[in-house]
Amino acid sequence: MPTPRLSCLALFGLLPPLLGAAPASPELNQAWTALANSRPRDVLRILDSDRGSRPERLAWAAARMNAQPATDDNMRAAEKVLVELATGSDELAAEAAYLQARLYQMYFVQPDYPRAAELYRALAARQPQSHWAQLGLVKLAMLKLYVLPDATTAGADRLAPAEALLAEIHEPLLQRDLHRQIGQAGVVLKQPLARLLPHLVAADRIGGITGTAHEDLIVQIGVLSLRAGLLAQAKDYFERYLREYPTNVRAWNVTRLLTEANRQLAKEGGG
């Protein structure tokens, strides 16, 4: 599954929750600044892989994952630290286990998707309530959708393995993200509209999607609903788009689609 490497800034976004338990050392504060400014090699100069606090060692491993050269030897050095940190039972241990799985999913020169899936599943079994385990289940679902389809669902229904993971995710925003990813995968994999549309609608109802992604989702649901013959739903989404984005360049085309939805509704006696 082609996936871009995480930037240092994205890794910086993974790490701050670890600071809630105790004040950060001056070295760790410097590391946060370096990570935020996409300077992983500075982190490697500030911190040490073998000494320091557990948060410092985790920051070192995260920086090692993103510093150049991105060789397998360097990834293995990061993994060694992550494996040691993951032996605990706190959130830092869960985050270390999550990052180890990410190594196999996207950082080694040759990804090992089955190994990544195994690590995500093991983390969810060990610390199911952890945010990192929950996030790992979303990543596991993506692997199942695109590169590890179950043999029993390799035919018409490619979405079921990922859908089965929804019951294990209790964080609303991660539920939303997985619903959205299942819906988008359904489009890419040419699954029946009746299978994928409820996931896109669920993602929209949970909310929290902003910017262009929010605008795109409203239009997409409207268009797919029109194709599926869900005319009332298509009408609702087109009208919503015109309320929320009346001056956008898409408004003219959405108005045309709304007219078509209304025409079909009137023909069927529904509007």
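In short, a report on the structure. (Residues numbered from 1 in each chain as written. Predicted model: local features only at pLDDT ≥ 70, side-chain atom pairs only at ≥ 80, totals over all residues. Heavy atoms only, no water.)

**With respect to the overall build of the chain**
Then, number 1: Regarding its fold elements, the chain presents 14 helices and 0 strands.
Then, number 2: When the 271 residues of the chain are sorted by exposure, 48% land in the buried category.
Then, number 3: In the chain, of all internal contacts separated by at least 6 residues, the share reaching a separation of at least 24 is 56%.
Then, number 4: Accessible area for the chain stands at about 12,900 Å²; split by element, carbon and sulfur atoms hold 56% of it. (Helix = DSSP H or I, 4+ residues; strand = E, 2+ residues; numbered from the N terminus. Buried < 20%, exposed > 50% of the residue type's maximum accessible area, 1.4 Å probe, protein only. Contact = heavy atoms within 4.5 Å. Areas by Shrake-Rupley, 256 points an atom, 1.4 Å probe, with all protein chains shown as cover.)

**A word on the packing of aromatic side chains**
Then, number 1: Tallied over the full model, the rule gives 4 aromatic pairs.
Then, number 2: Between Tyr-98 and Tyr-120, the aromatic rings sit 6.1 Å apart at their centres with planes inclined by 45°, giving tilted as the arrangement. One end of the pair, Tyr-98, is in helix H6 (residues 91–107); the other, Tyr-120, is in helix H7 (residues 113–126), with 22 residues separating them in the sequence.
Then, number 3: Tyr-120 sits in the buried class, given a relative accessible area of 0%.
Then, number 4: When the centroid spacing of 5.0 Å and the interplanar angle of 55° are considered together, the rings of Tyr-104 and Phe-108 count as tilted. Here Tyr-104 and Phe-108 have matching classes, each one buried. (Phe/Tyr/Trp six-rings, centres within 6.5 Å; stacked < 30°, edge-to-face > 60°.)

**Points about the nonpolar core**
Then, number 1: Ranked by internal contacts, the top residues of the largest apolar core, which has 81 residues, are Leu-82 and Phe-238.
Then, number 2: With 11 residues, H6 is the largest single contributor of residues to this core.
Then, number 3: If we skip the residues at most four places from it in the chain, Leu-82 touches Leu-58, Ala-61, Met-65, Ala-96, Leu-99, Gln-100 and Leu-103. (Core = buried A, V, L, I, M, F, W, Y, C linked by side-chain atoms within 4.5 Å.)

**A closer look at unusual backbone geometry**
Then, number 1: Cis geometry is found at the peptide bond from Gln-68 to Pro-69, where omega equals 0°.
Then, number 2: Summarising the element assignment, Pro-69 is placed in the loop between helix H4 (54–66) and helix H5 (72–85).
Then, number 3: Phi at Ser-38 is positive, roughly 55°, even though this residue is not glycine.
Then, number 4: By secondary structure assignment, the location of Ser-38 is in the loop between helix H2 (26–36) and helix H3 (40–46).
Then, number 5: Here Ser-38 falls in the partly exposed class, since its relative accessible area comes to 45%.

**Side note on the packing of H5 against H6**
Then, number 1: The N-to-C vectors of H5 and H6 enclose an angle of 150°; their axes lie 8 Å apart at closest approach. Classified by the angle between their axes, H5 and H6 sit roughly antiparallel to one another. Relative to H6, the crossing made by H5 is left-handed. Of the residues in H6, those touching H5 at Met-75, Glu-79, Leu-82, Val-83 and Leu-85 are Leu-92, Ala-93, Ala-96, Leu-99, Gln-100, Leu-103, Tyr-104 and Tyr-107. (Axes fitted to C-alpha atoms, helices over the stretch in contact; angles between N-to-C directions. Parallel < 35°, antiparallel > 145°, perpendicular 65-115°, else oblique. Left-handed = near helix turned anticlockwise from the far one by under 90°.)

**Here's the deal with the pattern of salt bridges**
Then, number 1: Taken as a whole, this structure holds 16 salt bridges when the rule is applied.
Then, number 2: Here Asp-42 makes a salt bridge to Arg-45, at a shortest N to O gap of 2.0 Å. Of this pair, Asp-42 and Arg-45 both sit in helix H3, 3 residues apart, roughly one helical turn.
Then, number 3: Residue classification places Asp-42 among the buried positions, given a relative accessible area of 18%.
Then, number 4: Overall, Arg-45 belongs to the exposed group, its relative accessible area being 61%. (Salt bridge = Lys/Arg side-chain N within 4 Å of Asp/Glu carboxyl O.)

**As for the environment of Gly-183**
Then, number 1: Among the structural elements, Gly-183 can be located in helix H10 (residues 172–188).
Then, number 2: Note on Gly-183: relative accessible area 0%, which makes it buried.
Then, number 3: C-alpha separation for the pair Gly-183 and Leu-196, spaced 13 residues apart in sequence, amounts to 4.6 Å.
Then, number 4: Setting aside residues up to four positions removed in sequence, Gly-183 forms contacts with Leu-196, His-199 and Leu-200.

**What to know about the environment of His-170**
Then, number 1: Its location among the elements puts His-170 in the loop between helix H9 (160–164) and H10.
Then, number 2: Expressed as a C-alpha distance, the spacing of His-170 and Pro-128, which sit 42 residues apart in the sequence, is 9.7 Å.
Then, number 3: A polar atom in the side chain of His-170 sits 3.1 Å from the side chain of Gln-129. (Polar contact = N/O pair within 3.5 Å; in protein donor to acceptor, adjacent residues only side chain to side chain.)

**Some words on the packing of helix H12 (residues 211–228) against helix H13 (residues 231–244)**
Then, number 1: Here H12 crosses H13 at 150°, and the two axes come no closer than 7 Å. As far as their axial angle goes, H13 and H12 are roughly antiparallel. Of the two possible hands of crossing, H12 and H13 adopt the one that is left-handed. Residues His-214, Glu-215, Ile-218, Val-219, Ile-221, Gly-222, Val-223, Ser-225 and Leu-226 of H12 form the contact with H13, whose own contacting residues are Leu-231, Gln-233, Ala-234, Tyr-237, Phe-238, Arg-240, Tyr-241 and Glu-244.
Then, number 2: Considering only residue class, the contact of H12 with H13 consists of 10 nonpolar, 4 polar and 3 charged. (Nonpolar A, V, L, I, M, F, W, Y, C, P; charged D, E, K, R; others polar.)

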